[in-house]
Amino acid sequence: MKKIKWHYVLTIDIPGMGAATASQTIDLFPGASREHLYRAVKENMLRTMAAEHELSLDQIPKPLTLFWSAEPDCLDATAPSGDGQEQPRG
């Protein structure tokens, strides 16, 4: 089964620690859920911030999600736009 490349952006704010943003691509099998991706990315960010502050994961305050997006990582300049007109190229 062929994997599909996705691009995601997650920005969280951890009270007393600040904000962090992750923006990367990941290959997922068709049928993978956005929820699974969101939780995995958020947990990875929390683990990283905990390590940077020499804290355990359970010592990190509950984060507030400021922004979340996950979209297929492909641009098709020849695909029609919603109004039936061809999208601009370049």
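Residues numbered from 1 in each chain as written. Predicted model: local features only at pLDDT ≥ 70, side-chain atom pairs only at ≥ 80, totals over all residues. Heavy atoms only, no water.

1. Topic: the overall build of the chain
Working step 1: Helix and strand counts for the chain stand at one helix and three strands.
Working step 2: Its helices and strands in sequence order give the chain the pattern β-β-α-β, from N to C terminus.
Working step 3: Considering the chain as a whole, with its 90 residues, one finds that 23% of them fall into the buried category.
Working step 4: Within the structure as shown, the chain displays about 6,500 Å² of accessible surface, and the carbon and sulfur contribution to it stands at 53%. (Helix = DSSP H or I, 4+ residues; strand = E, 2+ residues; numbered from the N terminus. Buried < 20%, exposed > 50% of the residue type's maximum accessible area, 1.4 Å probe, protein only. Areas by Shrake-Rupley, 256 points an atom, 1.4 Å probe, with all protein chains shown as cover.)

2. Some details on unusual backbone geometry
Working step 1: Positive phi outside glycine occurs at E54, with the angle close to 55°.
Working step 2: If you trace the backbone, E54 turns up in the loop between α1 (34–52) and β3 (64–72).
Working step 3: Residue classification places E54 among the exposed positions, given a relative accessible area of 73%.

3. Regarding the packing of aromatic side chains
Between two aromatic rings, the relevant description is the distance of the centres plus the angle of the planes.
Working step 1: Considering all chains together, one arrives at two aromatic pairs under this definition.
Working step 2: With 5.2 Å between their ring centres and 70° between their planes, Y38 and W68 make a pair best called edge-to-face. Taken together, the residues Y38 in helix α1 and W68 in strand β3 connect sequence positions 30 residues apart.
Working step 3: The exposure class of W68 is partly exposed, given its relative accessible area of 21%. (Phe/Tyr/Trp six-rings, centres within 6.5 Å; stacked < 30°, edge-to-face > 60°.)

4. Let's talk about the pattern of salt bridges
Working step 1: According to the stated counting rule, one finds three salt bridges in the structure shown.
Working step 2: Its salt-bridge partner being D27, residue K5 comes within 3.3 Å of it at the nearest N-O pair. Of this pair, K5 sits in strand β1 (residues 4–14) while D27 sits in strand β2 (residues 18–28); the two residues are 22 residues apart in sequence, bridging distant segments of the chain.
Working step 3: Under the relative-accessibility criterion, K5 is labelled partly exposed at 38%.
Working step 4: Under the relative-accessibility criterion, D27 is labelled partly exposed at 39%.
Working step 5: Ionic pairing is found between E43 and R47, a salt bridge with its closest N-O pair at 2.5 Å. One end of the pair, E43, and the other, R47, are both in helix α1, four residues apart, so they sit about a helical turn from each other. (Salt bridge = Lys/Arg side-chain N within 4 Å of Asp/Glu carboxyl O.)

These figures come from the coordinates and say nothing about function on their own.
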